[in-house]
Each structure stands twice: as structure tokens, then as C-alpha cells.
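A closer look at the structure
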Amino acid sequence: MAPITVGDVVPDGTISFFDENDQLQTVSVHSIAAGKKVILFGVPGAFTPTCSMSHVPGFIGKAEELKSKGIDEIICFSVNDPFVMKAWGKTYQENKHVKFVADGSGEYTHLLGLELDLKDKGLGIRSRRFSLLLDNLKVTVANVENGGEFTVSSAEDILKAL
């Protein structure tokens, strides 16, 4: 499957997360992104070095600025279970705007065409590192990394495009 790109409408699929009342929610991507400007950024794994020390903190640190430019939702996405994503999200006590969501089986990652084979590292099939800007479900910016790189998918890269 070809990776999602600018001009595409994101496919519908389900993701899971714990809401503000600590209740597990499984929702369709379309239900949370329709009619909104959404940043969906994906990482290969929760608690992994680049993801934890650079990618996620960048979006948390720039969240207010992104919101001031019309962003409704900022979603951190990974092929992990929702319990892991909840625990990872709690490590960022300063976070007020980034929602940590799970694609536990990698099915939505597959629909996006953004799988990354990390079996040689013991991680299985994960998500490539990416950041997508969605406007009413349509991809207006698609910053997709090669391999484990972190060169084009930062919060700063999205800010430049806004």
C-alpha cells in the first residue's frame, strides 16, 4: 500500500485512548478529525529515545503556538496498546494538549501505508515517524521520515507549513 500523501483523505479506522475520566475509548479517526484541523504525528514506539526526548516534547512545547494557528487537536499515535500510551503520556506532566492514542494491532498504520519493520530490533511492525496536518480529514501536509530518521516531522516543521 502506498503511503498517505498530500491531497488524500485519511482512511477511517479505529484508535484507542484513555479519556480525562480514565475511561478507555475506542473511536473512529473520522469521528475525532472531521470538521477540524488536526495534527496526527506518529512515532515508532512509546518510551523510545528519539520519540521520548525529541519528537513528543517538541509537540508539547509548541502546542500553544499550534493551537493559536487554528489547530484543534494534536494527536500522538503509535503501534502500542492504550495502557502503554496512557503511561507514556503521564510522564509528560506539563502536557495539556497532546492526546496519546494507540493503534494496538497496527491496523490503522497499515491503512495509512506507514508501517516500519523493526523486527530486527525486537519491536515487530511499527509506525514510521511522521506528522500529518489534516483539514477536515484531508491531508494538507505529509512529513514522513525514512527509517528511524527525525529530520522532517517535528512540531517546527508543521509550524512552518501553517
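Computed from a prediction, not measured in an experiment: that's the story for all the values here.

How each quantity is defined
- Residues numbered from 1 in each chain as written.
- Predicted model: local features only at pLDDT ≥ 70, side-chain atom pairs only at ≥ 80, totals over all residues.
- Heavy atoms only, no water.
- Helix = DSSP H or I, 4+ residues; strand = E, 2+ residues; numbered from the N terminus.
- Contact = heavy atoms within 4.5 Å.
- Salt bridge = Lys/Arg side-chain N within 4 Å of Asp/Glu carboxyl O.
- Buried < 20%, exposed > 50% of the residue type's maximum accessible area, 1.4 Å probe, protein only.

Points about the side chain of Glu73
Tracing the backbone shows Glu73 in strand β4 (residues 73-78). Those residues in contact with Glu73 that sit more than four places away from it in its chain are Ile32, Lys36, Lys37, Val38, Ile39, Lys67 and Lys99.

Observations concerning the pattern of salt bridges
What the rule picks out here adds up to 7 salt bridges. In this structure, Lys62 and Glu65 form a salt bridge, with 3.9 Å as the shortest nitrogen-oxygen distance. Residue classification places Lys62 among the partly exposed positions, given a relative accessible area of 26%. Between Glu73 and Lys99 there is a salt bridge, with its nearest N and O atoms 3.9 Å apart. Residue Glu73 is located in strand β4, and its partner Lys99 is located in strand β5 (residues 98-102); the two are separated by 26 residues in the primary sequence. When salt bridges that share partners are traced, they join Lys36, Glu73 and Lys99 into one network.

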